[in-house]
Amino acid sequence: MMAESQSEFASLIDRYAKADGVHATPIPRVFLVRSARPTLPLHTLYEPAVCIIAQGRKQAILGDAVYVYDRDKYLVISVDVPVVGQIIDASEAAPYLCLRLDLDVATLGTLLLDAGPAPSGLAPAPALSLSSVTPELIGAVLRLLRLLDTPGDIPVLAPLAEREILFRLLRGDQTAKLREIALGDSKLRQINRAIGLIKENYRETFRIEDLSDVARMSASALHSHFKSVTAMSPLQFQKQLRLQEARRLMLQGLCDAATASHSVGYTSPSQFSREYRRLFGLPPQRDIARLKTFPDGFIAA
């Protein structure tokens, strides 16, 4: 039965994601991903979501931790975090096929109202985690994806299917993490406020005191919890955002390295070049030339 459900899951994604890439759907927060070949390692910003693979295999690297997921394991992302993602198992005959459901805090919150109290004061876990796929979860996913065949049903039935998926996640071993995402007074939400401030002002120099104020915790607690979740310090987080944005600008041909470095907040082109090479492995010009020969390497989910 599980094998038949997995086969239908792959068939539905294959039907609605004909080309390689990330495809939005008429269902809010639902994206379909396809790749007919393995990809380059891609530095990208993951946002809170659950990624469930129907076919193929992918890995995501956060700090020193490597998360490998496939049709038997799904990935949950709790906060915006820079990672290195790479599709490692895909072919023309058996392309990588994945569903990404962006997590809606309001929907999670309503599901938690009847779930009872949760332990308080726990340190937040790393932003990425894996869990085993269950028949019940795949069944809920199929009910959601089948609505693509009847678009007129989506406004009424999609929210119900989404709630069922989240309910299945809450019934598994992701309960603590999903509570952290949804509850306004959790340490994860406090860290997420600091992440939001960095994202909004990544070009500007920040003071740790400013992040502490918005997160409503001490500087030492912020630094400790921030690193527990993202595997990096706030300054390293900002640096990765700057370098990823500069890379995007250059890859799209919008500017050269000097202009890109200035536009993302660097005042020293030599420092930009050093840090760019440290993160991406090559200096800017050579890295962009290499990436332009691998257009399919940029599949981010």
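Everything numeric here is computed off the predicted structure, so don't read it as measured data.

Conventions adopted
- Residues numbered from 1 in each chain as written.
- Predicted model: local features only at pLDDT ≥ 70, side-chain atom pairs only at ≥ 80, totals over all residues.
- Heavy atoms only, no water.
- Helix = DSSP H or I, 4+ residues; strand = E, 2+ residues; numbered from the N terminus.
- Buried < 20%, exposed > 50% of the residue type's maximum accessible area, 1.4 Å probe, protein only.
- Polar contact = N/O pair within 3.5 Å; in protein donor to acceptor, adjacent residues only side chain to side chain.
- Pairing = 2+ DSSP bridges.
- Axes fitted to C-alpha atoms, helices over the stretch in contact; angles between N-to-C directions.
- Patch = residues over 30% accessible without salt bridge, like charges linked within 9 Å, V, L, I, M, F, W, Y side chains within 5 Å.
- Areas by Shrake-Rupley, 256 points an atom, 1.4 Å probe, with all protein chains shown as cover.
- Salt bridge = Lys/Arg side-chain N within 4 Å of Asp/Glu carboxyl O.
- Parallel < 35°, antiparallel > 145°, perpendicular 65-115°, else oblique.
- Left-handed = near helix turned anticlockwise from the far one by under 90°.
- Contact = heavy atoms within 4.5 Å.
- Nonpolar A, V, L, I, M, F, W, Y, C, P; charged D, E, K, R; others polar.
- Expected span 1.5 Å × (residues − 1).

Draft legend 1. Spotlight on the side chain of Ser35. Following the sequence through the fold, Ser35 ends up in strand β2 (residues 30-35). Note on Ser35: relative accessible area 0%, which makes it buried. Separated by 2.7 Å, the side chain of Ser35 and the backbone oxygen of Arg37 make a polar contact.

Draft legend 2. Region of the structure containing the sheet that holds strand β8 (residues 81-89). Taken in spatial order, the four strands make up an open sheet running β3-β8-β5-β6, and their pairing is antiparallel. Either end of the sheet is taken by a strand with one partner, and the two such strands are β3 (42-46) and β6 (65-69). Recorded for the sheet is a direction-independent mean angle of 35 degrees between the axes of neighbouring strands. Relative to β6, strand β5 (residues 57-62) runs antiparallel, the two sharing five bridges. The residue of β6 that forms the bridge with Leu62 is Ala65.

Draft legend 3. How the structure looks around a nonpolar patch on the surface. A cluster of nonpolar side chains, contributed by Val156, Leu157 and Leu160, occupies part of the molecular surface with about 280 Å² of accessible area. One can find Leu157 in helix α4 (residues 154-171).

Draft legend 4. How the structure looks around the packing of helix α6 (residues 187-200) against helix α9 (residues 234-251). Put simply, α6 and α9 touch, their axes get as near as 10 Å, and they point 40 degrees apart. The angle between α6 and α9 falls in the class oblique. As α6 runs across α9, the sense of the crossing is right-handed. Contacts from Ile195, Ile198 and Lys199 in α6 reach Pro234, Phe237, Gln238 and Leu241 in α9. Of the residues in the contact of α6 with α9, the class split is five nonpolar, one polar and one charged.

Draft legend 5. Spatial organisation of the pairing of β2. Counting buried residues along β2, five of its six residues qualify, which places the element largely inside the surrounding structure. Here strand β1 (residues 21-24) runs beside β2; their pairing, made up of four bridges, is antiparallel. If you follow Val22 over to β2, its bridge partner there is Val33. Between the end of β1 and the start of β2, which pair antiparallel, lie five residues, with Arg29 showing a positive phi angle near 70 degrees. Strand direction decides the pairing type here: β2 and strand β9 (residues 96-102), joined by six bridges, are antiparallel. Within β9, the position partnered with Ser35 by the bridge is Tyr96.

Draft legend 6. How the structure looks around the environment of Leu243. The residue Leu243 is located in helix α9 in this model. For the pair Leu243 and Pro284, spaced 41 residues apart in sequence, the C-alpha separation works out to 9.9 Å. Here Leu243 is in contact with Tyr266, Phe272, Glu275, Tyr276, Leu279 and Phe280, once residues within four sequence places are set aside.

Draft legend 7. Expanded view of the environment of Thr44. As for its placement among the helices and strands, Thr44 is situated in strand β3. Taking C-alpha positions, Thr44 is 23 Å from Gln174, a pair spaced 130 residues apart along the chain.

Draft legend 8. Just α4, in detail. For α4, which comprises 18 residues, the first-to-last C-alpha distance of 25 Å matches the rise-based estimate of 26 Å (1.5 Å per residue) to within 8%. Against β4 (49-55), β7 (73-77), β9, α2 (105-112), α3 (135-145) and α5 (175-182) lie the buried residues of α4.

Draft legend 9. Region of the structure containing unusual backbone geometry. The backbone phi angle of Arg216 is positive, close to 60 degrees, even though this residue is not glycine. Within the secondary structure layout, Arg216 lies in the loop between α7 (208-215) and α8 (219-230). Judged by relative accessible area, which is 64%, Arg216 ranks as exposed. Residues other than glycine seldom take positive phi values, yet Ala231 does so here, at roughly 65 degrees. With respect to the helices and strands, the residue Ala231 is situated in the loop between α8 and α9.

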